[in-house]
Amino acid sequence: MKRFLPSLILTILCHVAFAQTAPPMDIGTIQQNLKKINVLGSVLYIAAHPDDENTRLLAYLAQEKHYRTGYLSLTRGDGGQNLIGTEQGELLGLTRTQELLAARRIDGAEQFFSRVNDFGFSKTPEETLKFWDKDKVLGDMVWVIRKFRPDVMICRFPTTGEGGHGNHTASAILAQEAFSAAADPNKYPEQLKHLQVWQAKRLLWNTFNFGTTNTTAPDQFKINVGAFNPLLGKSYGEIAAESRSSHKTQGFGSAKQRGDAFEYFKTILGDAPKTDLMDGVNTTWSRVPRGEASTSEINAISKNFNSDAPQASVPALVALLDKVDLTIGTDKALQTVRLTATAAADYEYWHRQKTAELKDLIAQCAGLWFEAYTADQFYALGDSVTVRAQLIKQSNIPVAFNKVSAVVTANAPSAELPENELQTVTFKIKAEKITQPYWMESPHGIGSYKINDDMKVGNPENPDAPEVTYTFTINGKQISYLRKVVFKYTDPARGEVYQPLVIAPAVTADIQNKAYIFNSLQPQTVQVKLKSFINTNGSISLKPVDGWKISPAKIEFSGKKKGDEWSVTFSVTPASGKTSTAVLEAVTTANGQQNALGLHSIRYQHIPTITFFPPAQAKLVNLDIKTGGKKIGYIAGAGDLVPEALEQVGYEVHQLSENEVLNTNLASYDAIVVGVRAYNVNERLAVEQPRLLDYVKNGGNLVVQYNNNNGLVAQQLGPYPFRVVNERVTNEDAPVTIFDNTNPVLNYPNKITADDFKGWVQERSVYMVNNIDPMYKAPLKMNDPGQAPQNGALIVANYGKGRYIYTSLVFFRELPAGVPGAFRLFINLLSNPK
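Owing to the predicted nature of the structure, the values given are computational and were not obtained by experimental measurement.

Trainee: Please explain the overall build of the protein chain as it appears in this structure.
Mentor: When helices and strands are counted, the protein chain shows 16 helices and 44 strands. Relative to the compact-globule value of 28 Å for 834 residues, the protein chain shows a C-alpha radius of gyration of 30 Å, a close match. Dimensions along the principal axes, computed over C-alpha positions, put the protein chain at roughly 90 × 75 × 55 Å. Taking all 834 residues of the protein chain together, 57% fall into the buried category. Of the roughly 33900 Å² of accessible surface on the protein chain, a fraction of 49% belongs to carbon and sulfur atoms. Here the protein chain holds 85 positive side-chain charges and 82 negative ones, and the gap between their average locations is 1 Å.

Trainee: In this structure, what is going on with helix α16 (residues 820-830)? I would like to understand it.
Mentor: The α-helix winds at 3.6 residues per turn, so residues separated by three or four positions along the chain end up facing the same way. Across the 11 residues of α16, 10 count as buried, placing the element largely inside the fold. Within the sequence span of α16, burial applies to Gly821, Ala822, Phe823, Arg824, Leu825, Phe826, Ile827, Asn828, Leu829 and Leu830.

Trainee: Sorry, what's going on with unusual backbone geometry here?
Mentor: Glycine aside, residues mostly have negative phi angles, and peptide bonds mostly take the trans form. The omega angle of the peptide bond from Ser551 to Pro552 is -5°, so this bond is cis rather than trans. With respect to the helices, strands and loops of the structure, Pro552 is situated in the loop between β27 (548-551) and β28 (555-560). Cis geometry is adopted by the peptide bond preceding Pro749, which originates at Tyr748 and carries an omega value of -5°. Positive phi is not limited to glycine here, since Asn420 has a value of about 60°. Note that Asn420 resides in the loop between β17 (415-416) and β18 (423-430).

Trainee: Explain the pattern of salt bridges to me, please; I cannot follow it from the model alone.
Mentor: Pairing is possible between side chains of opposite charge, provided their charged atoms come close. One pass over the structure, following the stated rule, counts 34 salt bridges. One salt bridge in this structure joins Asp346 and Arg149, with 3.5 Å as the shortest N-O distance. Placement of the pair is Asp346 in helix α10 (residues 341-365) and Arg149 in the loop between α5 (134-148) and β4 (152-155), with a sequence separation of 197 residues. The buried category is assigned to Arg149, whose relative accessible area is 5%. A salt bridge links Lys201 to Asp271; the shortest N-O distance between them is 3.2 Å. A residue pair is termed long-range when its members are at least 10 positions apart, and Lys201 in the loop between α6 (166-181) and β5 (202-207) and Asp271 in the loop between β11 (262-270) and α8 (292-304) qualify at 70 residues. On the accessibility criterion, Lys201 (29% relative accessible area) is partly exposed.

Trainee: Please explain the packing of aromatic side chains as it appears in this structure.
Mentor: For any pair of aromatic rings, the description consists of the separation of the ring centres together with the inter-plane angle of the planes. For the structure shown, the criterion picks out 31 aromatic pairs. Centre to centre, the rings of Phe722 and Tyr776 are 5.6 Å apart; their planes meet at 80°, and the pair counts as edge-to-face. One end of the pair, Phe722, is in the loop between β38 (701-704) and β39 (723-724); the other, Tyr776, is in the loop between β41 (769-770) and β42 (780-782), and 54 residues separate them in sequence. With respect to class, Phe722 is no different from Tyr776; both count as buried. Taken together through their ring pairs, the aromatic side chains of Tyr720, Phe722, Tyr776, Tyr799, Tyr804 and Tyr806 make up a single cluster. Across the ring face of Phe262, the terminal group of Lys222 is positioned such that the distance to the ring centre comes to 4.9 Å. The ring of Tyr767 carries the charged tip of Arg728 above its face, separated from the ring centre by 4.9 Å.

Trainee: How should I be thinking about the pairing of strand β15 (residues 399-404) in this particular structure?
Mentor: Side chains on a regular strand alternate between the two faces of the sheet. Counting buried positions over the 6 residues of β15 gives 5, a clear majority of the element. Where β15 lies against strand β19 (residues 467-474), 5 bridges are found, and the strand directions are antiparallel. By the bridge assignment, Val404 is partnered in β19 with Tyr470. As judged from the 2 bridges shared by β15 and β17, these two strands associate in the antiparallel manner. Looking at β17, one finds that Phe401 is bridged to Ala415.

Trainee: Looking at this model, I keep getting lost on the confidence of the model for the protein chain. Mind explaining?
Mentor: Close reading of the predicted structure is inappropriate where its pLDDT is low. The predicted model of the protein chain has a mean per-residue pLDDT of 93, with 96% of residues at 70 or higher. Here residues 1-20 scores under 50 on pLDDT; set against residues more than four positions off or in separate chains, the count is 68 contacts. Counted against residues more than four places away or in other chains, residues 409-413, with its pLDDT under 50, gives 9 contacts.

Trainee: Explain the sheet that holds strand β25 (residues 524-532) to me, please; I cannot follow it from the model alone.
Mentor: Strand pairing in a sheet relies on backbone hydrogen bonds. The paired strands run either parallel or antiparallel. Strands sit in the order β23-β25-β29-β27 across an open sheet of 4 strands; the sheet is antiparallel. The strands lining the two open edges of the sheet, one partner per strand, are β23 (507-511) and β27. Taking each pair of neighbouring strands and ignoring which way they run, the sheet shows an average axis angle of 30°. By the bridge criterion, 8 bridges tie β25 to strand β29 (residues 565-574) in an arrangement that is antiparallel. Each bridged residue has a counterpart across the sheet, and for Gln524 the counterpart in β29 is Val572.

Trainee: Would you mind going over the sheet that holds strand β3 (residues 110-113) with me for this structure?
Mentor: On the basis of which strands lie adjacent, the open sheet formed by 7 strands has the order β3-β2-β1-β4-β5-β11-β8 and mixed pairing. Unpaired on one side and paired on the other, β3 and β8 (221-224) mark the two borders of the sheet. Direction aside, the axes of adjacent strands within the sheet are offset by 30° on average. By the bridge criterion, 4 bridges tie β4 to β5 in an arrangement that is parallel. By the bridge assignment, Met153 is partnered in β5 with Leu203. Sheet strands in contact with α5 are β1 (42-47), β2 (68-73), β3 and β4, and its direction is about 165° off that of β1.

Trainee: Would you take a moment to explain the nonpolar core for this structure?
Mentor: Nonpolar side chains in soluble globular proteins tend to end up buried together. Grouped together as the largest cluster of nonpolar side chains are 77 residues, with contacts concentrated most on Tyr804 and Phe826. Of the residues forming this core, the biggest block, 7 residues, is contributed by α16. Among all residues touching Phe826, those that are not within four sequence positions of it are Val642, Leu646, Val673, Val703, Phe811 and Leu815.

Trainee: Would you explain the packing of helix α2 (residues 55-63) against helix α7 (residues 236-244) in this entry?
Mentor: Two quantities define a packed helix pair, namely the angle between the helix axes and the distance between the axes. Relative to each other, α2 and α7 sit at 120°, their axes nearing to 8 Å. Comparing their axes, α7 and α2 come out oblique. The handedness of the crossing between α2 and α7 comes out as right-handed. Across the interface between the two elements, Thr55, Arg56, Ala59, Tyr60 and Gln63 from α2 touch Tyr236, Gly237, Ile239, Ala240, Ser243 and Arg244 from α7. The residue makeup of the contact of α2 with α7, split by class, is 5 nonpolar, 4 polar and 2 charged.

Trainee: Explanation requested: the environment of Ser657 in the structure shown.
Mentor: Along the chain, Ser657 falls in the loop between β36 (652-655) and α12 (658-663). Distance from Ser657 to Leu599, taken between C-alpha atoms, is 31 Å for residues 58 residues apart in sequence.

Trainee: What am I meant to see in the pairing of β11 here?
Mentor: When β5 meets β11, the two strands line up antiparallel, connected through 6 bridges. When the bridges of β11 are listed, Leu203 appears paired with Leu269. Across 4 bridges, the pairing between β8 and β11 is antiparallel. From the neighbouring strand, Phe221 faces β11, where its bridge partner is Phe265.

Trainee: Please explain the environment of Arg115 as it appears in this structure.
Mentor: You can see Arg115 is positioned in the loop between β3 and α4 (125-131). The exposure class of Arg115 is buried, given its relative accessible area of 8%. The spatial distance from the C-alpha of Arg115 to the C-alpha of Phe826 is 35 Å, given a sequence separation of 711 residues. Apart from the residues within four sequence positions on either side, Arg115 is in contact with Leu74, Lys136, Asp140, Ser448, Tyr449, Ile451, Asp454 and Val457. Within polar-contact distance, the side chain of Arg115 engages the side chain of Asp454 at 3.2 Å.

Criteria and cut-off values
Residues numbered from 1 in each chain as written. Predicted model: local features only at pLDDT ≥ 70, side-chain atom pairs only at ≥ 80, totals over all residues. Heavy atoms only, no water. Helix = DSSP H or I, 4+ residues; strand = E, 2+ residues; numbered from the N terminus. Rg over C-alpha atoms; globule rule 2.2 N^0.38 Å. Buried < 20%, exposed > 50% of the residue type's maximum accessible area, 1.4 Å probe, protein only. Areas by Shrake-Rupley, 256 points an atom, 1.4 Å probe, with all protein chains shown as cover. Lys, Arg positive; Asp, Glu negative; His and termini not counted. Charge placed at Lys NZ, Arg CZ, Asp CG, Glu CD. Salt bridge = Lys/Arg side-chain N within 4 Å of Asp/Glu carboxyl O. Phe/Tyr/Trp six-rings, centres within 6.5 Å; stacked < 30°, edge-to-face > 60°. Lys NZ or Arg CZ within 6 Å of the ring centre and 35° of its normal. Pairing = 2+ DSSP bridges. pLDDT = per-residue confidence, 0-100. Contact = heavy atoms within 4.5 Å. Axes fitted to C-alpha atoms, helices over the stretch in contact; angles between N-to-C directions. Core = buried A, V, L, I, M, F, W, Y, C linked by side-chain atoms within 4.5 Å. Parallel < 35°, antiparallel > 145°, perpendicular 65-115°, else oblique. Left-handed = near helix turned anticlockwise from the far one by under 90°. Nonpolar A, V, L, I, M, F, W, Y, C, P; charged D, E, K, R; others polar. Polar contact = N/O pair within 3.5 Å; in protein donor to acceptor, adjacent residues only side chain to side chain.

Following this line, the structure appears as structure tokens:
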């Protein structure tokens, strides 16, 4: 590799902006972008969750019509279930955020979020808005609308409930209010310091035909979105399937569709479209003052474009950029023209958008590639971070490289880039801020995240992530670009891999378990894993907790190097046998700074590695609990943390393989537990099922946790019939009636009372059962407010010498959260008095 510049080193600050790594330079992408330059229209799609969006419509709008297209998902999908791993809550929200960004990279739309949290399934919009702060989320939506300035807004769901989820209906209700509020200067006036009011032309509902619910009608406005794009070599049905298949945690892998496909729309607010989605909206350059000339220039550039020599278009594109890269203050031809506030705002908005698009198009046509990498992925707060800025010009167009960030090239005003020779500049930046997701910087309630800086609202990721600025002179014009600083390495199996740069606290501390369950005055060992991101000395301690004894008070460490990992142990003992809960927090001191954060990474190959810093905390639970049996066999399902929770109360848990189920003596297990959604994700359970029922018949105790009613691998899950249905009790505080108080599962070894259903989290039960054979006993009844009691959350049957249990109670949420009553009841399910 030739270096034409010396290695320069200095410390600079990270800019507050957002950028991506180098965009693709293939001819198809360039020609698509040429078409996009000539279109001045925007569409914002609105729904509640990741995977609610219509990816086929988004792809069509972004890549066929070339509108600026966005999807505003009010939540990050935190309350969903996970088909491929154990992440729940915030961790699942982080994962689904990246899945949405992966989907947008495929379909071409942009991604936005509000601050609200997906707290779980909701049956009514009233319940949803009780948890969400309506004023805050409406303000977030208005902010995104005023910033994005959509000509057309589209809802996925109606306000009348056909969407089936309270979050869905609430998203439609809020969209209607936001449509009008964004145009009202009296609504959220504090935003007008940074933005201007905006009135979209219309709000449409994208009607649907889901299962047995068909809301489309022949008289509705419709669009054929099944076109084939020869530049992309795919139809929009194919692109949509690839995009939707990014939602892997939700099991949304989709088949590619080809041929005509119609989307239907109902007008909710504004003028109804008659022939085109953008009826009444000027989407040409004539919508802005003096824009008509740009249309003719763009048409000429497109006509003369040579796919064998895209660089030949660079001079004309730079000349066009000279005219577009203007503000009202710098456009001399507008100095004598009085513009309305709307016209002035439209001018500024579209010139800003098209300037950014033109800059990227010029770099693409010039074959100009540039990115910035760090030597390591992890750095400590305050570190000096070595950055390698690489660039190459892969055409014969003259390009001068002026500077990268604050580094001037060899103290010269410019340096001509040689053709097709990779260049490298090395410099340093300062790690100014830990890379904690901005919506997770502060503790938050059930319904929404706490955002410390409202300017960040809407962003899918941190907008102030470290980045550098490249400045070039191309065809006589100085042009600057932003690139995010990332870590890049080569994996022997995957090849070149990009990962986010991580800026961490000096030392992180992770308590081994999320919850510690005590049922006596005996001490437990609490292990804390530490990791150092600098060379340091320091100490680790557990904060004193009333009612608990902690020993030792502090543990010193010294001589730790960057990257060192080690563990320390503390002894924790309840001071009395009284039932209680408390929060245990670890605190590190390193180089004079205190920190109470852990380190957690989520790794899947379909998304970048996610690294964040949760509070270094665990839950202490002292409860009156008795256990029965000792040895548990566990058959994994879609992923849950129930085995680890059972080990906390002293059970020996063994993960059973298919070979062990089919070919070994299962009688040694006091109980066998089947993980959540196992009958959805493990097709081999259809083969294992007879052996499991034989285990029960011969005296075993089988506990099967919930399954989705769709995609079951076996027709009958138990020894007698029942049917899994999509019915839930979503209120975690819903009253539970003990219908059969003599049933052993409510009496042995723990007496279950109404108090055991206090303090549950998120929900009670999902995918309950009905059509229950009389051989089963259903000892519990429960219901959400305003609904009839249901008995399908827990069914028990004696079969042969043993016992079969099916439960849709959400133990997979309650046990890791350390809910005392859930532990007592689940232990009863494992304990067959025979």
